[in-house]
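If you want the building blocks of each chain, they are given just below.
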There are 2 protein chains.
Amino acid sequence: MSELRAVMSALEAGFDDYIEAIRTAIRIPSVSKTGQGLDEMAAWLVTQLQLLGAEATLEEGQIAPIVFGSLRSPGAKRTLLFYDLYDVQPADQQHWVSPPFAAEISRDGKLIGRGAFNSKGPLIGFLNVLRAFNKAGVELPVNLVFVIEGEEEIGSPSLEPFLRKRADLLRDCDAAFIPYLGTNAAGKTIVRLGFKGLMMLKLGVRGGEWGGPAERDIHAMHSGWLASPANELVSALASLQSRDGKLSVEGIASGLDPDPDDQALLADAASSFDKQAWLTELGARRFKYDAGPEDLLRHLLFDSTLNIDGMWVGDTPPGVEPPTHLAGHANAVLDLRLVPGMTVEATANALRRHLDLHGFGHVELEVTSAYPASKTSVREPVVDALLKSCRRHTNDLTVYPIHAGAAPMHLFTEVLGIPYAFGGVGHGANAHAPNEYLDVASMRDFMAATADFLFEFGAH
Amino acid sequence: MSELRAVMSALEAGFDDYIEAIRTAIRIPSVSKTGQGLDEMAAWLVTQLQLLGAEATLEEGQIAPIVFGSLRSPGAKRTLLFYDLYDVQPADQQHWVSPPFAAEISRDGKLIGRGAFNSKGPLIGFLNVLRAFNKAGVELPVNLVFVIEGEEEIGSPSLEPFLRKRADLLRDCDAAFIPYLGTNAAGKTIVRLGFKGLMMLKLGVRGGEWGGPAERDIHAMHSGWLASPANELVSALASLQSRDGKLSVEGIASGLDPDPDDQALLADAASSFDKQAWLTELGARRFKYDAGPEDLLRHLLFDSTLNIDGMWVGDTPPGVEPPTHLAGHANAVLDLRLVPGMTVEATANALRRHLDLHGFGHVELEVTSAYPASKTSVREPVVDALLKSCRRHTNDLTVYPIHAGAAPMHLFTEVLGIPYAFGGVGHGANAHAPNEYLDVASMRDFMAATADFLFEFGAH
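What you see is a predicted model; the values in this text were computed from it and never measured.

Some thoughts on the overall build of chain A
- In terms of regular secondary structure, chain A is built from 14 helices and 20 strands.
- Scaling as 2.2 N^0.38, a compact globule of 460 residues should have a C-alpha radius of gyration of about 23 Å, and chain A matches this with 23 Å.
- A principal-axis box enclosing the C-alpha atoms of chain A has dimensions of 85 × 50 × 45 Å.
- When the 460 residues of chain A are sorted by exposure, 65% land in the buried category.
- Expressed as a percentage of contacts within chain A between residues at least 6 apart in sequence, the contacts between residues at least 24 apart total 79%.
- Surface accessibility of chain A: about 15800 Å² in total, with carbon and sulfur atoms responsible for 48%.

Structure (structure tokens):
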């Protein structure tokens, strides 16, 4: 039996255990926005790595430790830096069909839970593959270095300092790898060659010298002669983007024109674009542009976006009748997604300048976290290995030049100077949303393709 | 001793008891927006009226009973319809120096509590005056009919049906009277000859056929190609008014040009306008217009206003970090204040038409309650009696042609066809806001002037 077939057999034999391991991880709620369960989750991961024979320790992070480990393989020539996250988004303000941290499996074979898709499914799925190598008695084809952080969902504040501290060691890695359940509901697998950047912003208006109620909320009848912080916030937000959500800030590109390589990838992706499958997966009826596939994909991938995550006038919770008042403060939390070429500093400066120039000098702007976009080349060996191995486990694979989602992968390409690959087959959905899930059966493909990838990259 | 002096002596002798009665009423939280304590408060009022020798019953309201009573005086020729409210605004989402329903008295003589100013202070203050007549053995100079509702702070949905049902009886009243603590922090007493109208509105955007996330909140990365309900709400709100909060809706007057009588009253009011005293009372640093006193007052009194009371994206409470999501719904609660001449129906139609014409057909608009403005003449006997009696208890009285606040007084002038007077001396502040209070010492003036008013109107 070949080594590959031995590992595949072990994956098959242990499949139920491997799914249980994912459920166990989901049942440890590790919510970086609240701080819940982060230490517990990190300690659990260290134990898992040690059980695989790896060295593993916890390195200090701002609010969550970073799991740092290594697993050497005697005959391996290449070293892969495995990066993933063990934190998840909050779930308690949402309505789920089953409790978000119960990890229940629905009758149609969905493992439902916060983190199932983003990212405990692929994280534990990868560790499962390593267990299968162990079980099959097959040497790993690559050396592995593990960096698993618990602050990704709050903008990864500790990752860059950590990578810089360990740069001497980490720069020796040949490439970084981030697993992902890249198959959508229609069965199409997409591999993305980069990530947008992300800035988390707070906008706030508080009555003061400029006007409005400066000491307390007051009766709404005074809106005839006193300025409204709520209306100022609305006006400021409306000034930042057009009706269709295109950024309208001087000095911030509303999008990037793809270069010829990216344009070719876009055209190829558009040729197999299934509009209805996308809408079904998103739970949407129509896109905001009446455009063809290539234009739609370009908007998704190459537009910078400013999205309102939360907005409040005064202190009234949703569903509660507010006082009929001129509230002294109004606030919003936003995420701005940066395309390649935009720097964090220039973008922050442009936002502040826009507000000041448009008479919103009294609107407070706080950048709570930020990192730029990053892109990799389709010709990198690690990308080539990923695409080859994925194609052996799916007939329907598309390459996107970049991901609409954000991740701080510029830290690998810029800080460490190593390429990275991101992706995998297997299906999950509803990241950051209620009823996040992974398709249990598809984890067979995910784990098999990942094992295949390790052989492929090790042989490069 | 004259009857007036006998009543004044009784008011003085019983003063502490009378303040305690106000505190007792404040300690019954009767919040119409939540339904809390309304029945208890209504029952307590019936008992108070019965102790005064009045007939009193509870008439059914939509969520709170209406206290309906009458107190005949054998020698009186005139009948006064006493109107007030026993409900209050919510207070639990605000920060107070002492608990809002504890009715504590501060070291500087402020009785602090929700309803102290709006309107349990003047309501119980009026009943105290009747107690003093009893105590002094003085016949009331007028017959009284009591209509005290518990739904004013939610737009008085039951008042009009009740008044129409009892119209035959109520039309025989000579005038209506609504007491008020009309003295501001600077010692100036203002009597207003009318009220703006009020429409409570809900604006909501939910993803659907028009676009946006139609089935659930989704990851914020999709804002590049999916519409955002939050951004639609912001755009719709921004379209309804200008930066300075002037309504910009076709078919809705942004304000009313005062007629010559009102202009004269405005000019007189402006002559004694103390800008700094107003700003101090409002806890504000500047008005939104750099204008003279007459213009400022015209904005306050004759502008229609649209104020955002509450606004939410998704279901995240204030102070909680929201998911980085494209939320499927966004909502706002607003109050629109109508000036005389604006009808509820035409205003609602104009709002809907505006939204439709500006591409916001998918923005849901709900009018949850509404009534128009009303104005009375300075030459009405009941107004004349109020002004005369107030002037005997203050040297600084100004007449405003209308109130910036709203109350459904059109029901008296239009439905019953009787004039009304609204006002009184005595100081309180922070209606609908934290640390609402009345000045304890000033209740002496309030009660004395009110007794004086009853004699004055009875003698007319």
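A few points about the relation of the copies chain A and chain B
- In the superposition of chain A on chain B (RMSD 0.1 Å, axial shift 0.0 Å), the rotation amounts to 180°. Viewed as a symmetry operation, the transformation between the two copies matches a two-fold axis. Proximity to the rotation axis, assessed at the C-alpha, singles out P317 of chain A in chain A; its C-alpha lies 2.3 Å from the axis.
- With an isologous cut-off of 70% or more, the 100% of interface residues of chain A that recur at the interface of chain B puts this contact in the isologous class.

Remarks on the domain arrangement of chain A
Residues and elements named next belong to chain A.
- Domain parsing of chain A yields domain 1 (2-193 + 376-459) and domain 2 (196-256 + 303-371).
- Relative to domain 2, the C-alpha centre of domain 1 lies at a distance of 35 Å.
- The partner domain 2 presents seven residues to the eleven residues of domain 1 that form the contact.
- Where domain 1 abuts domain 2, roughly 710 Å² becomes buried across the two surfaces, and 59% of that area is made up of carbon and sulfur atoms.
- When the area that domain 1 buries against domain 2 is broken down by residue, the three leading residues are G155, I402 and A406, summing to 48%.
- At the junction of domain 1 and domain 2, the tally comes to three residue pairs in polar contact (both at pLDDT 80 or more).
- A total of four residues in the side of domain 1 that touches domain 2 trace back to one element, the largest contributor, which is strand β17 (residues 403-406).

Observations concerning the packing of aromatic side chains
- Under the criterion given, the structure shown has 32 aromatic pairs over all chains.
- Relative to Y180 of chain A, the ring of F117 of chain A has its centre 5.4 Å away and its plane inclined at 45°; by these criteria the two rings are tilted. Of this pair, F117 of chain A sits in the loop between β5 (110-112) and α4 (120-136) while Y180 of chain A sits in the loop between β7 (175-179) and β8 (189-192), and the two are 63 residues apart along the sequence.
- Ring geometry for W278 of chain A versus W225 of chain B: centroids 4.9 Å apart, planes at 75°, classification edge-to-face. You can see W278 of chain A sitting in helix α9 (residues 275-282) and its partner W225 of chain B sitting in the loop between β10 (218-219) and α7 (229-240), one on each of two chains. Take W278 of chain A and W225 of chain B: they sit in the same class, and that class is buried.
- Grouping aromatic residues by their ring pairs yields a cluster made of F82, F126, F146, F177, F453 and F457 of chain A.
- Positioned over the ring face of F457 of chain A is R78 of chain A, at 5.0 Å from the centre of the ring.
- Its guanidinium or amino end placed over the ring of Y437 of chain B, K110 of chain B lies 4.5 Å from that ring's centre, counting from NZ or CZ.

Notes on the layout of surface pockets
Residues and elements named next belong to chain B.
- Taken as a whole, the largest pocket holds about 600 Å³ of empty space.
- In terms of lining residues, the largest pocket is bounded by 38 residues, among which E152, E153, I154, G155 and L198 are the most central.
- Going through the elements one at a time, β3 (79-85), β7 (175-179), β9 (194-206), β14 (364-371) and β17 (403-406) are the ones with two or more residues in the lining of the largest pocket.
- Ranked by residue count, the leading element in the lining of the largest pocket is β9, at four residues.
- Here the lining of the largest pocket is composed, by residue class, of 18 nonpolar, 13 polar and seven charged.

A few points about the interface of chain A and chain B
- Tallying the contact residues gives 93 residues for chain A and 93 residues for chain B.
- Both faces combined, the contact of chain A with chain B buries some 8100 Å², and carbon together with sulfur accounts for 59% of it.
- Here E215 of chain A makes a salt bridge to R285 of chain B, at a shortest N to O gap of 3.2 Å.
- Here chain A and chain B share 42 residue pairs in polar contact (both at pLDDT 80 or more) between them.

A short note on the sheet that holds strand β18 (residues 420-423) of chain B
Residues and elements named next belong to chain B.
- The strand order across the open sheet formed by six strands is β1-β2-β6-β3-β7-β18, and the pairing between neighbours is mixed. Looking at the sheet topology across the chains shown, the edges are occupied by β1 (55-59) and β18. This sheet shows a mean twist of 20° between the axes of neighbouring strands, independent of strand direction.
- Judged from the three bridges that link them, β3 and β7 form a sheet pairing that is parallel. When the bridges of β7 are listed, L81 appears paired with A176.
- Contacting β3 and β7, helix α14 (residues 442-459) runs over the sheet at an angle of about 150° to β3.

Thoughts on the sheet that holds strand β1 (residues 55-59) of chain A
Residues and elements named next belong to chain A.
- Taken together, six strands build an open sheet; the order of strands is β1-β2-β6-β3-β7-β18 and the sheet is mixed. Only two strands of the sheet have a single partner each, and these edge strands are β1 and β18 (420-423). With direction set aside, neighbouring strand axes in the sheet form an average angle of 20°.
- With five bridges joining them, strand β2 (residues 66-71) and strand β6 (residues 143-149) adopt antiparallel strand pairing. Opposite S70, over in β6, you have V145 as the bridge partner.
- Strands in contact with helix α3 (residues 38-51) are β1, β2 and β6; relative to β1, the strand with the most contacts, it is inclined by about 165°.
- Where α4 meets the sheet, its contacts fall on β2, β3 (79-85), β6 and β7, and the angle it forms with β6 comes to roughly 155°.

Focus: empty space enclosed by the protein
- Applying the stated rule across the entire model yields nine cavities of 30 Å³ or more.
- Considering only enclosed or pocket space, the largest cavity measures out at about 370 Å³ in volume.
- Looking at the largest cavity, it is lined by 30 residues, and the ones nearest its centre are N118, E152, A406 and A407 of chain A together with H219 of chain B.
- Put simply, the parts of the chain that give the lining of the largest cavity at least two residues each are β3, β7, β9 (194-206) and β17 of chain A.
- Of the residues that constitute the lining of the largest cavity, the class distribution is 17 nonpolar, nine polar and four charged.

A closer look at helix α4 (residues 120-136) of chain B
Residues and elements named next belong to chain B.
- Taking 1.5 Å per residue, 17 residues should reach 24 Å; α4 reaches 24 Å between its end C-alpha atoms and fits that length.
- Among the 17 residues that make up α4, 13 are buried, leaving the element largely enclosed by the rest of the structure.
- Downstream of α4 by one or two residues, G137 has phi in the positive range, about 70°.

A look at helix α12 (residues 381-391) of chain A
- By the burial criterion, the buried members of α12 of chain A are V382, V383, A385, L386, L387, S389 and C390 of chain A.
- Turning to α12 of chain A, the residues buried within the fold contact β3, β7, β8, β16 (397-400), β18 and α14 (442-459) of chain A.

What to know about the side chain of S32 of chain A
Residue and element names in this part refer to chain A.
- Inspection of the secondary structure puts S32 in the loop between α2 (15-26) and α3.
- A polar contact of 2.6 Å, which involves the side chain of S32, links it to the side chain of D87.
- Beyond its immediate chain neighbours, meaning those up to four positions away, S32 contacts L38, I63, D87, V88, G150, E151, E153 and I154.

Calculation notes
- Residues numbered from 1 in each chain as written.
- Chains lettered and ligands numbered in written order.
- Predicted model: local features only at pLDDT ≥ 70, side-chain atom pairs only at ≥ 80, totals over all residues.
- Heavy atoms only, no water.
- Helix = DSSP H or I, 4+ residues; strand = E, 2+ residues; numbered from the N terminus.
- Rg over C-alpha atoms; globule rule 2.2 N^0.38 Å.
- Buried < 20%, exposed > 50% of the residue type's maximum accessible area, 1.4 Å probe, protein only.
- Contact = heavy atoms within 4.5 Å.
- Areas by Shrake-Rupley, 256 points an atom, 1.4 Å probe, with all protein chains shown as cover.
- Least-squares fit on C-alpha atoms with pLDDT ≥ 70 in both.
- Domains from an automatic or database assignment.
- Buried area = accessible area lost by both parts, 1.4 Å probe.
- Polar contact = N/O pair within 3.5 Å; in protein donor to acceptor, adjacent residues only side chain to side chain.
- Phe/Tyr/Trp six-rings, centres within 6.5 Å; stacked < 30°, edge-to-face > 60°.
- Lys NZ or Arg CZ within 6 Å of the ring centre and 35° of its normal.
- 1 Å grid on protein atoms, 1.4 Å probe; cavity = no way out; pocket = protein on both sides within 12 Å on 5 of 7 lines; lining within 4 Å.
- Points joined across faces, edges and corners; volume = space filled by probe spheres on them.
- Nonpolar A, V, L, I, M, F, W, Y, C, P; charged D, E, K, R; others polar.
- Salt bridge = Lys/Arg side-chain N within 4 Å of Asp/Glu carboxyl O.
- Pairing = 2+ DSSP bridges.
- Axes fitted to C-alpha atoms, helices over the stretch in contact; angles between N-to-C directions.
- Expected span 1.5 Å × (residues − 1).

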